[in-house]
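So the chains spell out like this:
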Amino acid sequence: MKRLGVNIDHVATLRNARGGLHPNPLIVAKEAISFGADSITIHLREDRRHIKDIDLKKLSNTKIPLNLEIACNYKMLKIALKNNPKFVCLVPEKRKEITTEGGLNLIKYYKKIKFIVDRLNKKKIRTSLFINPSFKDILYSKRINANCVEIHTGRISNLIKNKKNYLNEFKKIKKCAKYANSLGIEVHAGHGMDYKTTQILSKIKEIKEFNIGHFIIGEAISIGLKNVIKRVKNSIKK
Ligand code: PXP
């Protein structure tokens, strides 16, 4: 069975827009799990633009399987070790990007990433590296001793959404997933995914976990409107 991790960063984005407490990422995380999500992902960005330290603290105090995404630096490592999430995914981070633009540069930051992964492995936190679909990055992930890789699906998602030919990208992801699996690395996938991308990538049996955020939260707003408007209209009537 493939697992689904739900990224709730954009619940925090919406909350922060008004500076209050609603919508509450903790409540949404619990709801997501009760509806069948296997884990909850949050990205504690260095600029704290969505998820805040208090969100991490509150989620860490629950039994929810938490996947913490962090940039590769010692400050974030310290935060991860202190909060002890079940899973950590290392991602590249640029201040000016809207969302994570590509995979990690495992060659340039090899030593640093290896140090961070070693520390997390020692604490029995499952480690994952967010990478582009490339053989070289998978080989380096093995050398780094990461438990998992998460393949960046931004490119294939865009191709599918724009009704372009995605077959080459699909084949590349499939080959990479098989290669990683043959090396004993668990394969995850994420970024830009929606119903259609999920359906297509689900054909790759080596992918064991999908991490989806923006689409799920966006879609929840769209199709959840019905219940909310009903409740508000009911309140007006009373
Ligand atoms: N996986 C990783 C490593 C990410 O950085 C993100 C974006 O925060 C996602 C998955 C989810 O991407 P999206 O919000 O486009 O579904």
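Fair warning: this is a prediction, and the values are worked out from it, not measured in the lab.

Digging into the packing of aromatic side chains
Moving on, step 1. A full pass over the atoms with the stated rule returns 4 aromatic pairs.
Moving on, step 2. Look at Phe-135 and Tyr-179: their rings are 4.7 Å apart centre to centre, the planes differ by 5°, and that puts the pair in the stacked class. One end of the pair, Phe-135, is in helix α6 (residues 135-144); the other, Tyr-179, is in helix α8 (residues 167-182), and 44 residues separate them in sequence.
Moving on, step 3. On the accessibility criterion, Phe-135 (42% relative accessible area) is partly exposed.
Moving on, step 4. Look at Tyr-179 and you get partly exposed, because its relative accessible area is 22%.
Moving on, step 5. One residue, Lys-112, lies across the ring of Tyr-74, its end atom 5.6 Å from the ring centre.

Looking at the site of the ligand
Moving on, step 1. Contacts to the ligand come from 14 residues, most closely from Thr-100, Glu-150, Gly-192, Gly-213 and His-214.
Moving on, step 2. Note that a nitrogen atom of the ligand is positioned 2.5 Å from one of the side-chain N or O atoms of Glu-150.
Moving on, step 3. The separation between an oxygen atom of the ligand and a polar main-chain atom of Gly-192 is 2.8 Å.
Moving on, step 4. With the chains in place, 93% of the 400 Å² that the ligand exposes on its own is no longer accessible.
Moving on, step 5. Comparing atom positions with the cavity grids shows the ligand to sit within the second largest pocket.

Notes on the nonpolar core
Nonpolar side chains tend toward joint burial in soluble globular proteins.
Moving on, step 1. Formed by 59 residues in total, the largest nonpolar core has its most connected members in Leu-90, Ile-113 and Leu-129.
Moving on, step 2. Ignoring any residue separated from it by four or fewer positions in sequence, one finds Ile-113 in contact with Cys-72, Leu-90, Leu-104, Asn-105, Leu-106, Leu-129 and Ile-144.

A look at the pairing of strand β5 (residues 126-131)
Moving on, step 1. Burial analysis of β5 places 6 of its 6 residues in the buried class, which makes it a mostly covered element.
Moving on, step 2. Going residue by residue along β5, you find Arg-126, Ser-128 and Phe-130 tucked away on one face and Thr-127, Leu-129 and Ile-131 tucked away on the opposite face as well.
Moving on, step 3. As judged from the 4 bridges shared by strand β4 (residues 87-91) and β5, these two strands associate in the parallel manner. Within β5, the position partnered with Cys-89 by the bridge is Ser-128.

Considering the sheet that holds β5
Moving on, step 1. Strand order in the closed barrel formed by 8 strands is β1-β2-β3-β4-β5-β6-β7-β8, with parallel pairing between adjacent strands. Averaged over neighbouring strand pairs, the angle between their axes works out to 25° when direction is ignored.
Moving on, step 2. One ladder, built from 4 bridges, connects strand β1 (residues 3-7) with strand β8 (residues 207-212); its direction is parallel. For Leu-4, the partnering residue across the bridge sits in β8 and is Phe-210.

Considerations on unusual backbone geometry
Moving on, step 1. A cis geometry characterises the amide bond from His-22 onward to Pro-23, with omega recorded as -5°.
Moving on, step 2. Checked against the element boundaries, Pro-23 lands in the loop between α1 (9-18) and α2 (25-34).
Moving on, step 3. For Asn-145, which is not glycine, the phi dihedral falls at a positive 75°.
Moving on, step 4. Its place among the elements puts Asn-145 in the loop between α6 and β6 (148-152).

Conventions used here
- Residues numbered from 1 in each chain as written.
- Predicted model: local features only at pLDDT ≥ 70, side-chain atom pairs only at ≥ 80, totals over all residues.
- Heavy atoms only, no water.
- Phe/Tyr/Trp six-rings, centres within 6.5 Å; stacked < 30°, edge-to-face > 60°.
- Helix = DSSP H or I, 4+ residues; strand = E, 2+ residues; numbered from the N terminus.
- Buried < 20%, exposed > 50% of the residue type's maximum accessible area, 1.4 Å probe, protein only.
- Lys NZ or Arg CZ within 6 Å of the ring centre and 35° of its normal.
- Near = heavy atom within 4 Å.
- Polar contact = N/O pair within 3.5 Å; in protein donor to acceptor, adjacent residues only side chain to side chain.
- Areas by Shrake-Rupley, 256 points an atom, 1.4 Å probe, with all protein chains shown as cover.
- 1 Å grid on protein atoms, 1.4 Å probe; cavity = no way out; pocket = protein on both sides within 12 Å on 5 of 7 lines; lining within 4 Å.
- Sits in = over half its atoms within 2 Å of the grid points.
- Core = buried A, V, L, I, M, F, W, Y, C linked by side-chain atoms within 4.5 Å.
- Contact = heavy atoms within 4.5 Å.
- Pairing = 2+ DSSP bridges.
- Axes fitted to C-alpha atoms, helices over the stretch in contact; angles between N-to-C directions.

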